[in-house]
Amino acid sequence: EPEVTQTPSHQVTQMGQEVILRCVPISNHLYFYWYRQILGQKVEFLVSFYNNEISEKSEIFDDQFSVERPDGSNFTLKIRSTKLEDSAMYFCASALSGDTIYFGEGSWLTVV
Amino acid sequence: AQSVTQLDSQVPVFEEAPVELRCNYSSSVSVYLFWYVQYPNQGLQLLLKYLSGSTLVESINGFEAEFNKSQTSFHLRKPSVHISDTAEYFCAVGGVDTDKLIFGTGTRLQVFP
């Protein structure tokens with residue numbers, strides 16, 4: 001069964017450093033997403049991406065965040081200058097038609 | 001705006017007992033409803049979904065959920081749970097006017113032998 005894959009599974013970074021989280025969505029999917037889950041809290045929407053542009057973003061997704069689909073298969077989330085409060089599990093997701101979203105295993109980011 | 005309420009943060013239950021995990025939502029537009037499961041140290045897996053049609057939907061591992069529009073609920077049920085069902089269960093709502101999901105706070109199902 002096709003699945004969304006994410007790398008790295010874990011990353012520890014120093015505050016102020018740039019981080020890139022990578023995702024390979026399911027191959028024929030058209031909608032791409034990033035969500036995050038701070039430890040012990042609910043899963044929160046960050047951004048959705050369709051037709052090579054951001055279609056929707058949350059208040060969390062400020063100027064420190066950016067997304068890119070550089071080569072038609074990868075979908076990346078960049079955090080420009082990490083803060084302690086960015087520590088979370090980041091989930092990539094994709095969907096064919098936008099009504100059923102499939103999630104990856106997550107990338108656990110720890111900012112120290 | 002949409003929101004999801006999962007009233008129970010934890011549900012302890014003995015193996016082979018029935019269980020119901022409650023989910024209520026609010027939305028001003030037609031909704032899609034989902035249950036996702038997160039096993040320890042794993043990602044989110046889609047358990048079942050309601051998009052349209054029959055209000056009773058089932059998963060391959062014996063869970064079912066019923067969309068009740070009048071009560072704005074989408075409770076998850078299983079008539080007989082297994083130890084392996086121990087996990088965090090998240091209810092989520094999407095809508096026809098958005099491509100994002102709003103998640104509830106989750107319910108931790110703990111199945112005891």
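Rules used throughout
Residues numbered from 1 in each chain as written. Chains lettered and ligands numbered in written order. Predicted model: local features only at pLDDT ≥ 70, side-chain atom pairs only at ≥ 80, totals over all residues. Heavy atoms only, no water. Helix = DSSP H or I, 4+ residues; strand = E, 2+ residues; numbered from the N terminus. Buried < 20%, exposed > 50% of the residue type's maximum accessible area, 1.4 Å probe, protein only. Contact = heavy atoms within 4.5 Å. Pairing = 2+ DSSP bridges. Axes fitted to C-alpha atoms, helices over the stretch in contact; angles between N-to-C directions. pLDDT = per-residue confidence, 0-100. Core = buried A, V, L, I, M, F, W, Y, C linked by side-chain atoms within 4.5 Å. Disulfide = S-S within 2.5 Å.

For the rest of this paragraph, the subject is the overall build of chain B. For chain B, the count of helices and strands is 0 helices and 12 strands. Counting only C-alpha atoms and orienting by the principal axes, one finds that chain B spans roughly 45 × 30 × 25 Å. Burial analysis of chain B (113 residues in total) assigns 48% to the buried set. Look at the contacts in chain B between residues 6 or more apart in sequence, and 57% of them connect residues 24 or more apart.

Moving on, we come to the sheet that holds strand β7 (residues 65-68) of chain A. Residue and element names in this part refer to chain A. Read across the sheet, 4 strands follow the order β1-β3-β8-β7 without closing on themselves; strand pairing throughout is antiparallel. Here the strands that pair on one side only, and so sit at the sheet edges, are β1 (5-7) and β7. Put simply, the sheet's adjacent strands are angled 20° from each other on average, direction ignored. Pairing of β1 with strand β3 (residues 19-24), which is carried by 3 bridges, proceeds in the antiparallel orientation. Within β3, the residue paired with Thr5 across the bridge is Val24.

Turning next to the confidence of the model for chain B. Averaged over chain B, the pLDDT score is 92; the fraction of residues at 70 or greater is 100%. Per-residue pLDDT, averaged within each element of chain B, yields its smallest value for strand β11 (residues 98-103) of chain B (86) and its largest for strand β3 (residues 19-21) of chain B (98).

Taken as a class, soluble globular proteins show a tendency for nonpolar side chains to be buried jointly. Residues and elements named next belong to chain B. Counting residues in each nonpolar core, the largest one holds 28 residues, and the members touching the most others are Leu33, Trp35, Leu47, Leu48, Phe74, Leu76 and Tyr89. Elements with a minimum of two residues in this core: β2 (10-14), β3, β5 (31-38), β6 (45-50), β8 (64-68), β9 (73-78), β10 (87-95) and β12 (107-112). When sequence neighbours within four positions are dropped, the list of residues in contact with Tyr89 reads Gln6, Leu21, Trp35, Tyr36, Val37, Leu47, Phe63, Leu76, Gly106, Thr107 and Leu109.

Using the criterion set out here, one finds 2 disulfides over all chains in the structure. Residue A:Cys23 pairs covalently with A:Cys92 via a disulfide, S to S 1.9 Å. When the S-S torsion is -70°, as for the bridge of A:Cys23 with A:Cys92, the disulfide is left-handed. Of this pair, A:Cys23 sits in strand β3 while A:Cys92 sits in strand β9 (residues 88-95); the two residues are 69 residues apart in sequence, bridging distant segments of the chain. For A:Cys23, a relative accessible area of 1% corresponds to the buried category. With relative accessibility at 0%, the residue A:Cys92 sits in the buried group. Residue pairing for B:Cys23: its cysteine sulfur links by disulfide to B:Cys91, the two sulfurs lying 1.9 Å apart. Here the S-S torsion is close to -65°, and the disulfide linking B:Cys23 with B:Cys91 is therefore left-handed. Of the two residues, B:Cys23 is situated in the loop between β3 and β4 (24-26) and B:Cys91 in strand β10; the sequence distance between them amounts to 68 residues. On the accessibility criterion, B:Cys23 (0% relative accessible area) is buried. B:Cys91 gets classed as buried once you look at its relative accessible area, which sits at 0%.

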